[in-house]
Amino acid sequence: MSNTNHVTMAAIHRYDLGVIICKSCNEVIATLPTDGYKKFYGLCNSAQCLEKNKEANK
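As the structure is a prediction and not an experimental result, all values here were calculated from the model. (Residues numbered from 1 in each chain as written. Predicted model: local features only at pLDDT ≥ 70, side-chain atom pairs only at ≥ 80, totals over all residues. Heavy atoms only, no water.)

1. Quick notes on the pairing of strand β1 (residues 18-22)
When you tally the buried positions in β1, you get 4 out of 5 residues, the bulk of the element. Bridging between β1 and strand β2 (residues 28-32) involves 4 bridges; their strand directions are antiparallel. The residue bridging Val19 from the neighbouring strand is Thr31, located in β2. A loop of 5 residues connects β1 with β2, the two strands running antiparallel in sequence, and Asn26 in this loop sits at a positive phi of about 65°. Of the pairings in the sheet, the one linking β1 to strand β3 (residues 38-42) comprises 5 bridges and is parallel in character. Across the sheet, the residue bridging to Gly18 is Lys38, located in β3. (Buried < 20%, exposed > 50% of the residue type's maximum accessible area, 1.4 Å probe, protein only. Helix = DSSP H or I, 4+ residues; strand = E, 2+ residues; numbered from the N terminus. Pairing = 2+ DSSP bridges.)

Laid out in structure tokens, this is it:
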């Protein structure tokens with residue numbers, strides 16, 4: 001279960017309702033200007049997340 005309680009803190013612009021969340025560690029990577037609240041999943045650049053992703057793709 002992802003913890004996105006700190007998402008509003010990460011939104012720098014007033015209308016950044018889109019959020020990119022790391023699928024491995026659930027950290028907010030970035031925000032996007034969208035018309036409504038939207039969650040997108042990606043992978044952050046931390047070594048731990050990249051290694052975990054490599055193992056999952058084997």
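2. Remarks on the confidence of the model for the protein chain
Residue-level pLDDT values for the protein chain average 82, and 76% of them are 70 or greater. Confidence, read as mean pLDDT per element, is least for helix α1 (residues 7-10) in the protein chain (53) and greatest for β3 (95). (pLDDT = per-residue confidence, 0-100.)

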